[in-house]
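Results of the structural survey
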Amino acid sequence: MDLTLIALVVVVLLAIYFIAQYNKLTRLNVQVDEAFAQIEVQLQRRADLIPNLVETVKGYASHESEVLQKVVEARSAATEAHGFNEVAAADGSLTSALRGLLAITENYPDLKASANFIALQEELSTTENKVGFARQYYNDRVRQLNQALVTLPTNFFGGIAKVVKRDFYEVDSPEKRDVPKVSF
Amino acid sequence: MSLDFHAQQASNQRKTYGLLFGMAIVTIVLIYAVGLWLGQSGTALFPMAVIFALVMVWGSYYNSDKLVMTMTGARIIDHDSAPQLFNLVQEIVIAAGIPMPKVAIVEDPAPNAFATGRDPDHAVIAFTTGILNSMDREELQGVAAHELAHVANRDTLVMAVAATTAGVIAIISDIAIRMSWFTGGNRRDNNDSGNAIGAIVGLVAVILAPIAALLLRSAISRKRESLADATAVAFTRNPTGLRRALETLAQDSTVVEQRSNAVAHIWIESPLDSSTTSKLFATHPPIEERIALLRQMEGSGPAK
């Protein structure tokens, strides 16, 4: 009688332990998905700002059509991108196109002085930062998940929870974001 | 030498637990001392003191957002009234993965900022007009990261626990001293030597306990500040912004007009004049030390 009670307690405790490990992995996995959704939200915000930016720059620097065209093309590619790899690649080319556009604005003092552009520039730089922080948050979550998948005891539960290692979000642009000055 | 913010975060968390444990020890020693001094009737004080302190601190903890807003005269703003400030708070919110707090402005020429609220869902972070005027975007981002680090680390809760324990200790020793006025005569009749020594030890402990509690409370506050600096770097991955912000604060000699002790610990820089508060009772680590730590973090490249 006593033995069966002890056995029962042990089984229940083990079950609770297993469920906790399973839930931990599932939670980490969901967090990665949420973090990716956040990146997409911020990329969308950036895409929404671009038509306004292009119009404003055109007003002062209409002959820079080549640079403007690049931004417009990169934007439409970015809005049509689907899936992890495509989104990351489109994000990278739009980031560098925007950088090129902002570089030429340096040559137009009238443009830089216009109230419209000043407001736009703040919105653009905050969106750039938000995209950057969303990427950073995503990569942190991926790092946690991947670590859990190779360390005891959670590594035993990857198969049952159907959770697999995820890729880091890397921007395929020659000039990568220089925000993470401190890393691990 | 380089410093890794993860190690900094872990060490500060550990020290907080150590200090809270110290508070618990002081409480137990005090109860024991009161027992020695006043006899068994003294220990009955403990539940009374706990309830009293809980009621006092819990109310202020639960309503911390409204309370502090009223005490400091902070005014809630939205995106359109201060786009840059609102934007850079949003940036850190994304980096930290926490809900968007209310953002507020305090009309005060002294540069300072604070965060409050019982949990991340009820958080408020406030900036003085002075800090908005004297800092650039990168510096303000560092400040916002420091304040949101307090929110993410639930420092309002930690400080409420510390305040409750310090309150319990203060109430017990206060009542014990008052009670001794009445029971003192009673004890003189059946005096024996063991009791007399116990009573003296008890008296000393009862007098020292509230001071010890205050010291521990200040030490916890300082650890939470260091932790918030380290967490802020974890959010922005940019120690330079916060370091430059602290340097700007260190150079500035104006202090926030409300020099109330009650809300001193919530500001990013202590509003109390450092010459009047000794280092042991200070709610913040010396600003030079914080700057030096951040400089070390700047030195740490992509290691590990």
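Residues numbered from 1 in each chain as written. Chains lettered and ligands numbered in written order. Predicted model: local features only at pLDDT ≥ 70, side-chain atom pairs only at ≥ 80, totals over all residues.

**Considerations on the overall build of chain B**
Secondary structure assignment for chain B yields 10 helices and 4 strands. Residue burial in chain B is summarised as follows: out of 304 residues, 46% are buried. Of all intrachain contacts in chain B linking residues separated by at least 6 positions in sequence, the fraction that spans at least 24 positions is 79%. (Helix = DSSP H or I, 4+ residues; strand = E, 2+ residues; numbered from the N terminus. Buried ≥ 20, exposed ≤ 12 C-beta atoms within 10 Å, placed from the backbone. Contact = placed C-beta atoms within 7 Å.)

**Let's talk about the pairing of strand 3 (residues 113-116) of chain B**
Residue and element names in this part refer to chain B. Covered by surrounding structure in strand 3 are Ala-113 and Ala-115 together with Phe-114 and Thr-116, the residues of both alternating faces. Bridge count for strand 3 against strand 4 (residues 124-128) is 4 bridges, and the pairing is antiparallel. By the bridge assignment for strand 4, Ala-113 is matched with Phe-127. (Pairing = 2+ DSSP bridges.)

**Some words on the environment of Ala-97 of chain A**
Residue and element names in this part refer to chain A. Note on placement: Ala-97 falls in helix 3 (residues 84-105). We classify Ala-97 as buried; it has 23 C-beta atoms within 10 Å. Sequence separation of Ala-97 and Val-32 is 65 residues, and the distance between their C-alpha atoms is 28 Å.

**Observations regarding the pairing of strand 4 of chain B**
All names here are of chain B. The buried fraction of strand 4 amounts to 5 of the 5 residues, a majority that puts the element mostly inside the structure. The side-chain alternation of strand 4 yields two buried faces, one formed by Val-124, Ala-126 and Thr-128 and the other by Ile-125 and Phe-127. The sheet contact formed by strand 2 (residues 102-106) and strand 4 spans 5 bridges and is parallel. Bridge assignment links Lys-102 to a residue of strand 4, and that residue is Val-124.

**Considering the sheet that holds strand 3 of chain B**
All names here are of chain B. What the 4 strands build is an open sheet, ordered 1-2-4-3; its pairing is mixed. Either end of the sheet is taken by a strand with one partner, and the two such strands are strand 1 (75-77) and strand 3. When strand polarity is set aside, the average angle formed by the axes of neighbouring strands in this sheet is 30°. Sheet topology note: the strand 1/strand 2 ladder contains 3 bridges and is antiparallel. Pairing of Ile-77 across the sheet is with Val-103, part of strand 2. Packing against the sheet, helix 4 (residues 83-96) makes contact with strand 1, strand 2 and strand 4, and its axis sits at approximately 140° to strand 2. (Axes fitted to C-alpha atoms, helices over the stretch in contact; angles between N-to-C directions.)

**Side note on helix 6 (residues 137-152) of chain B**
Residue and element names in this part refer to chain B. A rise of 1.5 Å per residue sets the reference length of helix 6, with its 16 residues, at 22 Å; its end C-alpha atoms lie 22 Å apart and thus fit the reference within 8%. Burial runs high along helix 6: 14 of the 16 residues are buried. Following helix 6 by one or two positions, Arg-154 adopts a phi angle in the positive range, close to 55°. (Expected span 1.5 Å × (residues − 1).)

**Overview of the domain arrangement of chain B**
All names here are of chain B. Domain parsing of chain B yields domain 1 (5-64 + 157-220) and domain 2 (76-155 + 221-299). Listing elements by their share of the side of domain 1 that touches domain 2, those giving two or more residues are helix 1 (5-38), helix 2 (45-62), helix 7 (155-189) and helix 8 (193-236). With 8 residues, helix 1 is the single largest residue contributor to the side of domain 1 that touches domain 2. The class makeup of the residues in the side of domain 1 that touches domain 2 is 11 nonpolar, 7 polar and 2 charged. (Domains from an automatic or database assignment. Nonpolar A, V, L, I, M, F, W, Y, C, P; charged D, E, K, R; others polar.)

**Details of the nonpolar core**
One finds Ile-92, Ile-125, Ala-126, Ala-144, Leu-148 and Phe-235 of chain B to be the most contacted residues of the largest nonpolar core, which totals 80 residues. Top element by residues in this core is helix 1 (residues 2-60) of chain A. It accounts for 10 residues. The contacts of Ile-125 of chain B, once residues within four sequence positions are left out, are Val-89, Pro-101, Val-103, Ala-115, Ala-144, Glu-147 and Leu-148 of chain B. With 29 residues, the next largest nonpolar core counts Leu-30, Ala-162, Ile-172 and Ala-176 of chain B among its residues. (Core = buried A, V, L, I, M, F, W, Y, C linked by C-beta atoms within 7 Å.)

**What to know about the packing of helix 9 (residues 239-251) of chain B against helix 10 (residues 287-299) of chain B**
To characterise two packed helices, one gives the angle between the axes of the helices and the distance between these axes. All names here are of chain B. Between helix 9 and helix 10, the least distance of the axes is 9 Å, while the angle of their chain directions is 160°. Relative to helix 10, the element helix 9 is oriented roughly antiparallel. The chirality of how helix 9 crosses helix 10 is left-handed. Residues Pro-239, Thr-240, Leu-242, Arg-243, Leu-246, Glu-247, Leu-249 and Ala-250 of helix 9 touch helix 10, and the partners they reach there are Ile-287, Arg-290, Ile-291, Leu-294, Arg-295, Met-297 and Glu-298. Split into classes, the residues belonging to the contact of helix 9 with helix 10 amount to 9 nonpolar, 1 polar and 5 charged. (Parallel < 35°, antiparallel > 145°, perpendicular 65-115°, else oblique. Left-handed = near helix turned anticlockwise from the far one by under 90°.)

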